[in-house]
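# Structural overview
Read off the chains here:
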Amino acid sequence: MATDGKLASISGKCQVDLQCAANNKAHRTIEISEKRLLLRRGQSFDIKVFFKDGFNLQKHMIELAVVTGPDPKVSHGSKIEFHFSDELNVRRWSAVINSVTKNELSLTITSSPRAIIGRYSLSLQHDSKDISYFLGNFVLLFNPWCAGDEVYLNSDVQRKEYVLNETGTIYYGGSDYIGERDWNFGQFEEDILDICLNLLDNAPKYLKKPKREHPRRRFSVQVARTVSAMVNSAYDQGVLQGRWSSPYTGGVYPGKWNGSIAILRQWQKSNFKPVRYGQCWVFAAVTCTVLRCLGIPTRVVTNFDSAHDTDANLTIDNYYNVEGDDIGGSSDSVWNFHVWNESWMARNDLDPGYDGWQVVDATPQEESDGTYCCGPASVKAIKGGDLDHKYDAPFVFAEVNAKRVNWLLFADGTKMKMDVDVLNVGHCVSTKKCGKDEREDITHLYKYPDGSTEEEEIFKKAKISIDEPALEKTLKVSLKVSQPIYLGQTVSVSVVVSNKSSEEKVCTVNFWAKKKMYQGNTEKGNIKTFKKEITIPAAEDKSIPLELSYKDYGTFPDMYYRMRLITYVTDKLPENNVATIKDIGLLNPPLTIKMQNFNAYVGEKTHVEISFKNPFALPLKNCVMSIEGNGLVEDEKSVQFDDVKPNALAKVTCDFTPKKPGERKLLVDIDCDLMQNLKGSLKIDVQKKK
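We now turn to the structure provided with this report.

Thresholds applied
- Numbers given to residues run from 1 along each chain, matching the order in which its sequence is written.
- Residue-level local features of this predicted model are given only where pLDDT is at least 70; pairs of side-chain atoms are given and counted only at 80 or more, and the full residue set underlies all totals for whole chains, interfaces and linings.
- Note: side-chain values were computed over all heavy atoms of the structure, leaving out hydrogens and water.
- Helix and strand definitions here come from DSSP, where helices need a minimum of 4 consecutive H or I residues and strands a minimum of 2 consecutive E residues; each element is numbered from the N-terminal end.
- Our radius of gyration looks at C-alpha atoms and nothing else; its globule reference is 2.2 Å times the residue count to the power 0.38.
- Throughout, a contact is declared for two residues whenever any of their heavy atoms are within 4.5 Å.
- Only the protein chains shown count as cover for residues, with accessible areas throughout obtained via the Shrake-Rupley method and a probe of 1.4 Å.
- Nine residue types can take part in a nonpolar core, namely buried Ala, Val, Leu, Ile, Met, Phe, Trp, Tyr and Cys, and a core is a set of them joined through side-chain atoms within 4.5 Å.
- Exposure categories follow from relative accessible area, calculated using a 1.4 Å probe and restricted to protein chains: below 20% of the type maximum is buried, above 50% is exposed, and the middle band is partly exposed.
- Pairing between two strands is assigned when DSSP locates at least 2 bridges connecting them.
- In this analysis an axis means a line fitted to C-alpha atoms, helices contributing only their contacting stretch, and an angle means the value between N-to-C directions, from 0 to 180 degrees.
- A 3.5 Å cut-off defines polar contacts: any pair of N or O atoms within that distance qualifies, except that in protein one atom must be a possible hydrogen donor and the other a possible acceptor, and neighbouring residues in sequence count only when both atoms are side-chain atoms.
- Any carboxyl oxygen of Asp or Glu within 4 Å of a side-chain nitrogen of Lys or Arg constitutes a salt bridge here.
- The way it works is a 1 Å grid over only the protein atoms, where trapped points that fit a 1.4 Å probe form a cavity and open points with protein on both sides within 12 Å along at least five of seven lines form a pocket, and then any residue with an atom within 4 Å of a point lines it.
- Grid points are joined across faces, edges and corners, and a volume is the space filled by probe spheres set on the points.
- Charged means Asp, Glu, Lys or Arg here, nonpolar means Ala, Val, Leu, Ile, Met, Phe, Trp, Tyr, Cys or Pro, and polar covers whatever is left, Gly included.
- For this analysis, a ring pair means two rings from Phe, Tyr or Trp (six-membered ring only for Trp) whose centres lie within 6.5 Å, classed as stacked if their planes differ by under 30 degrees, edge-to-face if by over 60, and tilted for the remaining angles.
- By definition, being over a ring means that NZ of Lys or CZ of Arg is both within 6 Å of the ring centre and within 35 degrees of the ring normal.
- Whether a crossing is left-handed or right-handed is set by the direction in which the near helix is turned from the far one by less than a right angle, anticlockwise for left-handed and clockwise for right-handed.

## Quick notes on the overall build of the protein chain
- Scanning the protein chain from N- to C-terminus turns up 13 helices and 41 strands.
- Taken over the C-alpha trace, the protein chain has a radius of gyration of 29 Å; the compact-globule value for 690 residues is 26 Å, and the two agree within 12%.
- Overall, the protein chain is about 110 × 60 × 40 Å in size when its C-alpha atoms are taken along their principal axes.
- Long-range contacts, defined here as pairs at least 24 residues apart, represent 67% of the contacts in the protein chain between residues at least 6 apart.
- In the structure as shown, the protein chain presents an accessible area of about 29300 Å², 48% of it carried by carbon and sulfur atoms.

Below, the structure is given as structure tokens:
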């Protein structure tokens, strides 16, 4: 069997050189392996066949055969037999003979740009089918470099970013202050390709009817939809089990993951048992790894103030009592942020005009055709309000466009619509800028500007009601907070009450601060409450300063350190009562990472120093640092270090031995008793030893 690029005897009659290193380099899969033939469809490759007893081309009429999947059939496109021709045909499987001697046959073969992706075997056979020589195995992937492939992307810069880049940036937090973290996708680790193919093989529909499902792997839409379903574990042997609040017993807190490799390897090693645990950005990051590995251009996208509209009415209602507690009343929610993917492909299953970026979301939120998956949904269809286009366009449209209404409920059963800083959902839609370590705002790809005429037309098309402007009140209230705020430090808040009338007003200010989880829920109980009667002269503002110390807020339920601030101002005339909500987030201190070597070389130890300042007036204990990086660190390396004194600078050193050349990224994660998931990264250019 010739699968390693070296000569191998086949039935004692011939030997084959699959030229794996040269072919893989041309097909941009050399990062995965030099010893296995890994090809992209619609692109030619070369092989040589050596015959031990000689070969007469005129005497032996020969053809090539490729087969894939269970029970290969010509009618299904999973078995293809083709003769040699005078020139290659870029639209289908074809082959030409470059040279022939008594003992050697040199061939160039090209696959169809619409071929099924996956594992193949290649044979040379007499056209009478009575003699066949097995030549070897190969894997065929989607090809964004081929104009005939439906995932064709006509930009070298974008292909480098969305197919070849093994690291990326994921944005999180809130639209008020956006955080970022690096992720190691690792799609070119050799075993990851096999795991991705196993993921397709373990899809429930494939397990039930593999002969029917295998030919559908020629379609990027179907592959992306399968991956969306299989990265979560709802109803199947998917990769990740989701969990959105503590405890995380029996698994890993989602914030601890720094890359997809460990997750996918654990899933494979456990015989396809779901890995615990994931949340939206982990689902999206693993999905990005799988789709890039299979050859589909993919990026990770974050939507801030993201709606989860369970009843499909395009309205998110939130209810609070006069103590500031979220009292439910609706299964809808608005998450601080939600992360999904966009994949680039043609939509030949839709009317013209919907090619390009498609939303693919593996986080299990709602069922789609009986399966927890979402997409591909055309981003162009979302912006245009064309919600009858598959798949799941109404759900994604609501995530960026649903109307959010916050209500304050009183003990007598009456309710008041609250004023909020952000009236609608879907803000600061973010992805890593192509070719740069910067954030790109792509909100304009999903929606027209808030309040614009175009938005109004789209809302009418989608049947979203537009409220009449509210009557002007003589009182207004707002919350102001100085940013950024670091964990451990005091939060300074100002409640600003404005008297818009020509008379002095006496009113009562109520304030609550609560801890908030990223999916939108708040904890019961308050960080702090405040109530005071104030007098405001006519046509003036009054600012009330408040402070939330670390002693007040302490530890948080997740890694986002989010707070919800609520204020309610009452007047003698109830119709002038006003209220508002503001969500804020605290930040971890920044990490500084420096390489102590002048250069980094393959096979030689590289030393780095990591430093950060303890933001607390307390010592940090139980400190552990973890590092990983594709091509830099084998798996993950952990280092324990000494306690850090209050407000002191901590310095930690460690070393690793790079195994691959090129530009790499080292990812660092630090956990202590008072502070978790302190993350940073460093680009390292690894050189080959001279």
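Alright, that's what it looks like, and here's the rest.
## Comments concerning the nonpolar core
- Within the largest apolar cluster, 65 residues are counted, with the highest numbers of intra-cluster contacts made by Trp281 and Leu294.
- No other element matches helix H8 (residues 280-294), which puts twelve residues into this core.
- If near-sequence neighbours (up to four positions away) are discounted, Trp281 is found in contact with Ile170, Arg181, Trp183, Pro254, Gly255, Phe337, Val339, Tyr518, Met559 and Tyr560.
- Counting residues in hydrophobic clusters, the runner-up holds 61 residues, among them Val491, Val493, Leu632 and Val668.

## Some thoughts on the environment of Asn313
- Looking at where Asn313 falls in the secondary structure, it is placed in the loop between strand E15 (298-308) and strand E16 (315-321).
- Judged by relative accessible area, which is 41%, Asn313 ranks as partly exposed.
- Asn313 sits 150 residues away from Lys463 along the chain, and the two C-alpha atoms are 9.1 Å apart.

## Details of the sheet that holds strand E36 (residues 606-613)
- One open sheet holds the three strands; their spatial order is E34-E36-E39, and the pairing between them is antiparallel. Of all the strands in the sheet, just strand E34 (592-595) and strand E39 (649-656) have a single pairing partner and so form its edges. Shown here is a sheet whose adjacent strand axes are inclined to one another by a mean of 20°, direction ignored.
- Pairing of E36 with E39, which is carried by eight bridges, proceeds in the antiparallel orientation. Each bridged residue has a counterpart across the sheet, and for His607 the counterpart in E39 is Asp655.

## Digging into the side chain of Asn588
- Inspection of the secondary structure puts Asn588 in the loop between strand E33 (578-585) and E34.
- Within the structure, the side chain of Asn588 is placed 3.4 Å from the side chain of Tyr561, a separation counted as a polar contact.
- From its side chain, Asn588 meets the backbone oxygen of Asn677 in a polar contact 3.3 Å long.
- When near neighbours in sequence (up to four residues on either side) are disregarded, Asn588 contacts Tyr486, Leu487, Tyr561, Met675, Gln676, Asn677 and Leu678.

## Details of the pattern of salt bridges
- Summed over all chains, the structure comprises 45 salt bridges.
- When the shortest N-O distance is used, the salt bridge between Lys432 and Glu161 registers 2.9 Å. Residue Lys432 is found in strand E25 (residues 427-432), and its partner Glu161 is found in helix H2 (residues 156-164); the two are separated by 271 residues along the sequence. The pair Lys432 / Glu161 is uniform in exposure class, with both members buried.

## Here we look at the pairing of E33
- Across the eight residues of E33, seven count as buried, placing the element largely inside the fold.
- Pairing of strand E32 (residues 562-570) with E33, which is carried by eight bridges, proceeds in the antiparallel orientation. Across the sheet, Leu565 pairs through a bridge with Lys582, a residue of E33.

## A short note on empty space enclosed by the protein
- Tallied over the entire structure, the rule returns three cavities of 30 Å³ or more.
- Looking at the largest cavity, the residues that line it are Glu161, Tyr162, Thr167, Gly168, Thr169, Phe185, Arg292, Arg299, Val300, Thr431 and Lys432.
- Counting residues per element, the ones that place at least two in the lining of the largest cavity are H2, strand E11 (167-174), E15 and E25.
- Here the lining of the largest cavity takes three residues from E11, the largest share from any one element.
- When grouped by side-chain class, the residues that make up the lining of the largest cavity number three nonpolar, four polar and four charged.
- Counted as a void, the second largest cavity has a volume near 50 Å³.
- What lines the second largest cavity is simply Thr68, Pro70, Asp71, Lys73, His76, Ser78, Lys211, His214 and Pro215.
- Tallied by class, the residues present in the lining of the second largest cavity amount to two nonpolar, four polar and three charged.

## Observations regarding the packing of aromatic side chains
- Overall, the coordinates contain 23 aromatic pairs when judged by the stated rule.
- When the ring of Tyr550 is compared with that of Phe616, the centres are 5.1 Å apart and the planes differ by 75°; the resulting orientation is edge-to-face. Here Phe616 lies in the loop between E36 and strand E37 (623-628) and Tyr550 lies in helix H13 (residues 550-553), a separation of 66 residues in the sequence. Taken individually, Tyr550 and Phe616 each receive the classification buried, so the pair is uniform in this respect.
- Taken together, Phe45, Phe82, Trp93, Tyr120 and Phe138 form an aromatic cluster joined through their ring pairs.
- Over the face of the ring belonging to Trp357 we find Arg299, whose NZ or CZ atom lies 4.1 Å from the ring centre.

## Here's the deal with helix H7 (residues 261-269)
- Regarding H7, the residues found buried are Ile261, Ile263, Leu264 and Trp267.
- Packed against the buried residues of H7 are strand E12 (177-184), helix H3 (190-201), helix H6 (220-231), strand E13 (240-242), strand E14 (275-278) and H8.
- Looking one or two residues past H7, Asn271 carries a phi angle of roughly 65°, positive in sign.

## A word on the pairing of strand E40 (residues 662-671)
- With eight of its ten residues buried, E40 lies for the most part within the structure.
- Here five bridges tie E37 to E40, and the two strands are oriented antiparallel to one another. Residue pairing in the sheet places Ser626 in a bridge with Asp669 of E40.
- As defined by bridge partners, E40 adjoins strand E41 (residues 678-687) across nine bridges and the pair is classed as antiparallel. By the bridge assignment, Ile670 is partnered in E41 with Leu678.

## Digging into the sheet that holds strand E38 (residues 637-641)
- Pairing is mixed in the open sheet, where five strands are placed in the order E35-E41-E40-E37-E38. Taken across any chain shown, the strands that pair with only one partner, and hence form the sheet edges, are strand E35 (600-601) and E38.

## A short note on the packing of H6 against H8
- As a packed pair, H6 and H8 sit with axes 10 Å apart at the nearest point and diverge in direction by 145°. Seen from above, H6 lies across H8 with right-handed handedness. Counted together, Val223, Ala224, Val227 and Val231 of H6 and Phe283, Val286, Thr287, Val290, Leu291 and Leu294 of H8 form the full contact between these two elements.
- Along the lines of polarity and charge, the residues of the contact of H6 with H8 split into nine nonpolar, one polar and no charged.

## Some words on the environment of Arg225
- Topologically, Arg225 is positioned in helix H6.
- As a C-alpha pair, Arg225 and Val360 span 135 residues in sequence and 7.3 Å in three-dimensional space.
- The residues touching Arg225, leaving out its near neighbours within four places in the chain, are Ser368, Asp369, Cys373, Gly375, Pro376, Tyr391 and Asp392.
- Engagement of the side chain of Arg225 in a polar contact is seen with the backbone oxygen of Gly375, the distance being 2.7 Å.

Functional significance is not addressed by these values, which are geometric in nature.
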